[in-house]
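# Residue-level structural notes
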Amino acid sequence: MTALARLPFAAIELDEDARIVRTNELARELLGDRLVVGEPLALSRLDVLAKRLLVQSVPLRPVSIEVDDGRSLRVSGIPATAIEPAIMLFEELTEDLRRERTTREFLRNAAHQLRTPLTGITAAIDALQAGAKETPDTRDRFLGHIEAHAERLTRLTRGLLLLARAQAGEAIPVDVVELRPLLDAIVEDATPLDGVTLDARCPPALDVIAAGDLLYEAVAALVDNALEHTTTGTVRIKAKRAGANVLLVVTDTGPGIGAEFQERLFEPFYRVSQAGTGYGLGLAIAAEAVEAIGGQIDVSSELGTGTIFTMTLPSAESSR
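The structure displayed is predicted, hence computed values, not measured ones.

Analysis parameters
Residues numbered from 1 in each chain as written. Predicted model: local features only at pLDDT ≥ 70, side-chain atom pairs only at ≥ 80, totals over all residues. Heavy atoms only, no water. Buried < 20%, exposed > 50% of the residue type's maximum accessible area, 1.4 Å probe, protein only. Helix = DSSP H or I, 4+ residues; strand = E, 2+ residues; numbered from the N terminus. Arc of directions from axis to C-beta. Contact = heavy atoms within 4.5 Å. Phe/Tyr/Trp six-rings, centres within 6.5 Å; stacked < 30°, edge-to-face > 60°. Lys NZ or Arg CZ within 6 Å of the ring centre and 35° of its normal. Axes fitted to C-alpha atoms, helices over the stretch in contact; angles between N-to-C directions. Parallel < 35°, antiparallel > 145°, perpendicular 65-115°, else oblique. Left-handed = near helix turned anticlockwise from the far one by under 90°. Pairing = 2+ DSSP bridges. Polar contact = N/O pair within 3.5 Å; in protein donor to acceptor, adjacent residues only side chain to side chain. Core = buried A, V, L, I, M, F, W, Y, C linked by side-chain atoms within 4.5 Å.

### Observations concerning helix H6 (residues 179-189)
Among all positions in H6, only Leu179, Leu182, Leu183 and Ile186 are buried. Within H6, the buried residues cover an arc of 95° as seen down the axis, which keeps them to one side. On its buried face, H6 is in contact with strand S6 (175-178), strand S7 (196-201), strand S8 (207-210), helix H7 (212-228), strand S9 (233-242) and strand S10 (245-251).

### Observations concerning the packing of aromatic side chains
Evaluated as defined, the whole model comprises zero aromatic pairs. Over the ring of Phe142 we find Arg141, and its NZ or CZ is 5.1 Å from the ring centre.

### Regarding the environment of Thr310
Position of Thr310 relative to the elements: it lies in strand S12 (residues 307-314). For Thr310 and Val187, which are 123 residues apart along the polypeptide, the C-alpha to C-alpha distance reads 17 Å. Not counting chain neighbours up to four residues away, the residues in contact with Thr310 comprise Leu247, Leu248, Val249, Gln296, Ile297 and Asp298.

### Regarding the packing of H6 against H7
Geometry of a packed helix pair, given as the angle between the helix axes and the separation of the axes. Packing of H6 against H7 leaves a shortest axis separation of 10 Å and a crossing angle of 45°. Of the possible angle classes, the one that applies to H6 and H7 is oblique. In this structure, H6 crosses over H7, and the sense of that crossing is right-handed. From H6, Leu179, Leu182, Leu183, Ala185, Ile186 and Asp189 reach across to H7, where they touch Gly212, Leu215, Tyr216, Val219, Ala220 and Val223.

### Structural notes on the pairing of strand S11 (residues 296-301)
By the bridge criterion, six bridges tie S11 to S12 in an arrangement that is antiparallel. What sits directly across from Ser301, in S12, is Thr307. Linking S11 back to S12 in an antiparallel pair, the connection comprises five residues, with Gly304 at a positive phi of about 85°.

### Considerations on the side chain of Asp252
Along the polypeptide, Asp252 turns up in the loop between S10 and helix H8 (259-262). Separated by 2.9 Å, the side chain of Asp252 and the backbone nitrogen of Gly254 make a polar contact. Here Asp252 is in contact with Ala226, Thr230, Thr234, Val235, Thr305, Gly306 and Thr307, once residues within four sequence places are set aside.

### Remarks on the sheet that holds S9
As summarised here, the arrangement of the five strands in space is S7-S9-S10-S12-S11, forming an open sheet in which the pairing is mixed. Lying at the two open borders of the sheet, with one neighbouring strand each, are S7 and S11. Looking at each pair of strands side by side, their axes are set apart by 15° on average, direction ignored. The sheet contact formed by S10 and S12 spans seven bridges and is antiparallel. Following the sheet pairing, Thr251 is matched in S12 by Ile308.

### A word on the sheet that holds strand S2 (residues 20-23)
Pairing in this open sheet of five strands is antiparallel, and the strands run S2-S1-S5-S4-S3 from one edge to the other. At either margin of the open sheet sits one strand with a lone partner, and together these are S2 and strand S3 (60-66). The average angle at which neighbouring strand axes cross in this sheet is 25°, direction not considered. Strand direction decides the pairing type here: strand S1 (residues 10-14) and strand S5 (residues 86-92), joined by five bridges, are antiparallel. Paired with Ile12 across the strands is Met88, a residue of S5.

### Concerning the pairing of S1
In terms of burial, S1 is a largely internal element, five of the five residues being buried. Along S1, one buried face is formed by Ala10, Ile12 and Leu14 and the opposite face, lined by Ala11 and Glu13, is buried too. Looking at chain direction, S1 and S2 are connected through three bridges and run antiparallel. By the bridge assignment for S2, Glu13 is matched with Arg22. As consecutive antiparallel partners, S1 and S2 are separated by five residues, and within that stretch Ala18 has a phi angle of approximately 65°, a positive value.

### Quick look at the nonpolar core
If you look at the biggest cluster of nonpolar residues, it comprises 44 residues, and the most contacted ones within it are Leu179, Leu215, Val219, Leu248 and Met311. Mapped onto this core, the elements with two or more residues apiece are H6, S7, S8, H7, S9, S10, helix H9 (282-292) and S12. Per element, the largest residue contribution to this core is ten residues, and it comes from H7. Excluding residues within four positions of it along the chain, Leu215 makes contact with Val177, Leu179, Leu182, Val208, Ala210, Leu248, Ile293, Met311 and Leu313. Listed in part, the 24 residues of the second largest apolar core include Leu14, Leu46, Leu60 and Val63.

In structure tokens form, the structure reads like this:
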């Protein structure tokens, strides 16, 4: 086995004219038919870096570049010696950079969402201290604002912790969960707009294998999302058996979601455009929660016809 083959990175050897002499398997997997032995590198900017490595005869410090297919690479190099050719090393950074961007956006938007209820609480306290507490009706109204914002803050914090636990790979204990009381509680806690009907349909004694608190968060997140985007009509939760599974379906009569946006709906704070409506943490929480308890979540939607979210969970009946 050659030294090139033993390297843990994609690597190529170059002659004094910057032509490819040899490649290892990792390089062929990464760059494919762009690497032709006996030919120069056929990738933008890489030929410049290769010539710099050969002319300066010093190690090429790691440089991040974006190649013409949109991928990001970290490139470094080892200069030639009297008996060994120069070597260029490659690492793909595309996924790492995407995660970094997602994390930055997540933190920025999380801070924004946390600030909103905190601002509401602070404003209500200021109003009470300025004299609103002297009038019972006014005092009760501002106390109601504080309660509503505190509940929102609690839900958001719980959601952030849920995402952190799931993404850390923490094992989630599961048990038998009866669906009908859980769905009734979600309907009771929800606040649909005037003109919007919310109902749940679930046969009695329909149980699933899940973690009750996570399942509540997941379904509540789907319902909250549906209510946020439905200004008239109906939001419905329906549970039914499907072989060894149970399907939990949340449908709404909102504006629907374009097909080009659906595959990214479960990313935290994803927005369909810079100025468009965001989907916040809700759908990301639902997706993480369902995955953590061994289920699956899918979306089906067409513009103008509403949206259907389908959650597939293992039935407790099949495990008995």
